[in-house]
Amino acid sequence: MSTMRLATWNVNSIRARVDRVTDWLERADVDVLAMQETKCSDDQFPTMPFAALGYDVVHCGFNQWNGVAIASRVGIDDVEVGFAGQPSWSDKPEAEAVAEARALGATCNGVRVWSLYIPNGRTVDSPHYLYKLKWLAALRETAATWLADDPSAQIALVGDWNIAPTDEDVWSVEAYQGSTHVTVPERSAFDAIVETGFSDLVRPYTPGPAVFTYWDYTQLRFPKNRGMRIDFILGSPSLAQRVERAEIARDERKTGKDRVGSPSDHAPVVVTLTG
DNA sequence: ATGGTTGCTGCGCAA
């Protein structure tokens, strides 16, 4: 075991963002990066810019909007698309259901990393909302099994959870009244996974109110710091023991001439694990 | 003021 920097970032299109992402990987000295909303098929993923920096990449694109990936410069082993019990959205053929998977697992230097894109839910009266809850319940069941099978396993559940676990995690409770991301069932589903033994590795190092990972592109939400905390790195007990520090790379959300191209609407989240 | 922005096998729709 050696020191490892593990990050997650909803990149909102890897093809539109590859220069920003690789630029940040270098500056931030990140070893493993889980990405969400890559918005491309597997053959469209720009692997070369990552390879040039020494990163291997695995990707699973499952529709025109979404897709998850893991880039690692410390190796990638035992890649798995989706997990047992993961519900598929519809009665599509088996192959398409697998391609719809919103989870990609890989072992990087002894740490099992899951890049997760939890279903958005859209609106509380949408079938997508029920699908989201069903998906979270299946994740909890499976994750509990992983820990039961090996209580000392180093497992990271990282990504865009599309849930703000507490009122402190949104800029305005009123603004999200009646919306997804803040409902009791969603928060209970998140809490249930935490209770299974996966703790938020970042929050202890980023305390206080108005600490966010996502800001809507519109209405000057970022300059006004009107965001949500919906991107998380959850870790098994053995992984939690290794955390040395953590941060939200808020500056990567900035628009500016010192940055290449436009920003994602999410900021990266990082943990440093001791050796 | 029901607005604003970003991305896409884009021309509306999901986020």
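This one's a predicted model, so the numbers in the text were calculated from it and none came from an experiment. (Residues numbered from 1 in each chain as written. Chains lettered and ligands numbered in written order. Predicted model: local features only at pLDDT ≥ 70, side-chain atom pairs only at ≥ 80, totals over all residues. Heavy atoms only, no water.)

## Quick look at the protein's contact with DNA strand B
Around DNA strand B, a shell composed of 14 residues is seen, among which Ser-13, Arg-15, Glu-37, Gln-219 and Ser-262 lie nearest. At the protein interface, 78% of the atoms of DNA strand B within 4 Å belong to sugar or phosphate. A distance of 2.9 Å separates a sugar or linking oxygen of DNA strand B from a polar side-chain atom of Glu-37. Gln-219 places a polar side-chain atom, nitrogen or oxygen, 2.7 Å from a base nitrogen of DNA strand B. (Near = heavy atom within 4 Å. Polar contact = N/O pair within 3.5 Å; in protein donor to acceptor, adjacent residues only side chain to side chain.)

## Some points on the nonpolar core
Soluble, globular proteins show a tendency: their nonpolar side chains are buried together. Counting residues in hydrophobic clusters, the biggest one holds 33 residues, and the most contacted among them are Ile-70 and Val-271. By size, the runner-up hydrophobic cluster in this structure holds 23 residues, among which are Ile-118, Trp-135, Trp-161 and Phe-198. (Core = buried A, V, L, I, M, F, W, Y, C linked by side-chain atoms within 4.5 Å. Buried < 20%, exposed > 50% of the residue type's maximum accessible area, 1.4 Å probe, protein only.)

## Description of the sheet that holds strand S11 (residues 243-248)
In space, the six strands of this open sheet follow the order S3-S4-S2-S1-S12-S11, with mixed pairing throughout. Lying at the two open borders of the sheet, with one neighbouring strand each, are strand S3 (56-60) and S11. Strand-to-strand twist across the sheet, computed as the mean angle between neighbouring axes with direction ignored, equals 10 degrees. The pairing of S11 with strand S12 (residues 269-273) spans five bridges and is antiparallel. In the sheet register, Arg-245 faces S12, and the bridge partner there is Thr-272. (Pairing = 2+ DSSP bridges. Helix = DSSP H or I, 4+ residues; strand = E, 2+ residues; numbered from the N terminus. Axes fitted to C-alpha atoms, helices over the stretch in contact; angles between N-to-C directions.)

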